[in-house]
2 protein chains.
Amino acid sequence: MKLGIVIFPSKKVQDFANSYRKRYDPNYSLIPPHITLKPAFTVPDEGMEQLTIKLNEISNSNKPFQIQSTKFSSFKPVNNVIYLKIDSCDELSELQKKLNETIDIDNPEYAFVPHISVGQKLSDDEHSDVYGTLRMNQFNLEDTVDRFHLLYQLENGSWTVYETFRLGRE
Amino acid sequence: MKLGIVIFPSKKVQDFANSYRKRYDPNYSLIPPHITLKPAFTVPDEGMEQLTIKLNEISNSNKPFQIQSTKFSSFKPVNNVIYLKIDSCDELSELQKKLNETIDIDNPEYAFVPHISVGQKLSDDEHSDVYGTLRMNQFNLEDTVDRFHLLYQLENGSWTVYETFRLGRE
């Protein structure tokens, strides 16, 4: 199965992100707003049990933490993705690192920049227009992260939750 | 928060259902294919912890079970919903009953008919056409149910998973 590991922020943050994603993100209907901890990787069905055991260990040994977002940012010139920037946060970076070290499959070859995408597949002109407007926005979103989710992808490209892992339960 | 409790069947069953939902179900992009165990109910944010404790108790005291579906059916004349009929199954009925007794909020006033909706909000003519074709299909879907999910609804009508509850873990 094609899997991914994400954090779904609170309803408040998701609603805020969706108000932009609706217009600017073609993945709007495929997955709720999320922070990707581990991008798509593939595990055979018979490997799922072992994987969830590992994820349980990681979730048990990491505590809930706070995140904050105060602005939009963009990956341009690498790509035209506009996102809610999640402020640098040791607990989040540590969780991401542990997940990618423990599940050493299809690991990304780029640095972890915690974010919630709100605009994707924009042309250069669209990106310039939209980002020019969004970067003026001022806000202060704060949220508690106390869980992450293992997802799998369906044939239509959408994602279903396989399991939730709560942080620091034991 | 507006909540719901559902079973997501396996990827195989979800892909099968989605091949029909894509055309006939306006909720296609709001939620993956599912069996509703408890339809929408509302719980204040401060009640979530207590709710998840109750759901944990229920999931621990119910074992995984098999389900089967061999045909499409329809709720007409009550409404024009076409669905994958889930065969009668004691474990499923018991789980649904326990959930609705334990979480005695906004309980439905109709009998539990386990199903996966594939067509909704069809006109009478559409319903007649589509159901006339689908009811000829022969298949035998079998699946193991070993978890259920607590979801919450976002402002755009889509559903996000709050937590997964695995059956018979303890």
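Residues numbered from 1 in each chain as written. Chains lettered and ligands numbered in written order. Predicted model: local features only at pLDDT ≥ 70, side-chain atom pairs only at ≥ 80, totals over all residues. Heavy atoms only, no water.

- As annotated in an unreviewed UniProt entry, chain A carries the name Putative phosphoesterase F7731_06395 and is attributed to Cytobacillus depressus.
- Word for word, the UniProt comment on chain A under Sequence similarities (unreviewed entry) is "Belongs to the 2H phosphoesterase superfamily. YjcG family." (UniProt positions renumbered as here; feature names shortened; annotations may be inferred.)

**Concerning empty space enclosed by the protein**
Logical step 1: Scanning all chains against the criterion turns up 2 cavities of 30 Å³ or more.
Logical step 2: Secondary structure elements with two or more residues in the lining of the largest cavity: β3 (65-69) and β7 (141-145) of chain B.
Logical step 3: Split into classes, the residues belonging to the lining of the largest cavity amount to 7 nonpolar, 2 polar and 2 charged.
Logical step 4: Quantified by volume, the second largest cavity comes out at close to 50 Å³.
Logical step 5: Lining the second largest cavity are A:V13, A:I67, A:Q68, A:S69, A:I86, A:I116, A:L141, A:E142 and A:D143.
Logical step 6: Of all elements in the fold, only β3 (65-69) and β7 (141-145) of chain A reach the threshold of two or more residues within the lining of the second largest cavity. (1 Å grid on protein atoms, 1.4 Å probe; cavity = no way out; pocket = protein on both sides within 12 Å on 5 of 7 lines; lining within 4 Å. Points joined across faces, edges and corners; volume = space filled by probe spheres on them. Helix = DSSP H or I, 4+ residues; strand = E, 2+ residues; numbered from the N terminus. Nonpolar A, V, L, I, M, F, W, Y, C, P; charged D, E, K, R; others polar.)

**Points about the side chain of B:R21**
Residue and element names in this part refer to chain B.
Logical step 1: If you trace the backbone, R21 turns up in helix α1 (residues 11-24).
Logical step 2: For R21, a relative accessible area of 1% puts it in the buried group.
Logical step 3: Only 3.0 Å separates the side chain of R21 from the side chain of N18, close enough to count as a polar contact.
Logical step 4: What R21 contacts, discounting residues up to four positions off in sequence, is N27, Y28, I31, P32, P33, S117 and V118. (Buried < 20%, exposed > 50% of the residue type's maximum accessible area, 1.4 Å probe, protein only. Polar contact = N/O pair within 3.5 Å; in protein donor to acceptor, adjacent residues only side chain to side chain. Contact = heavy atoms within 4.5 Å.)

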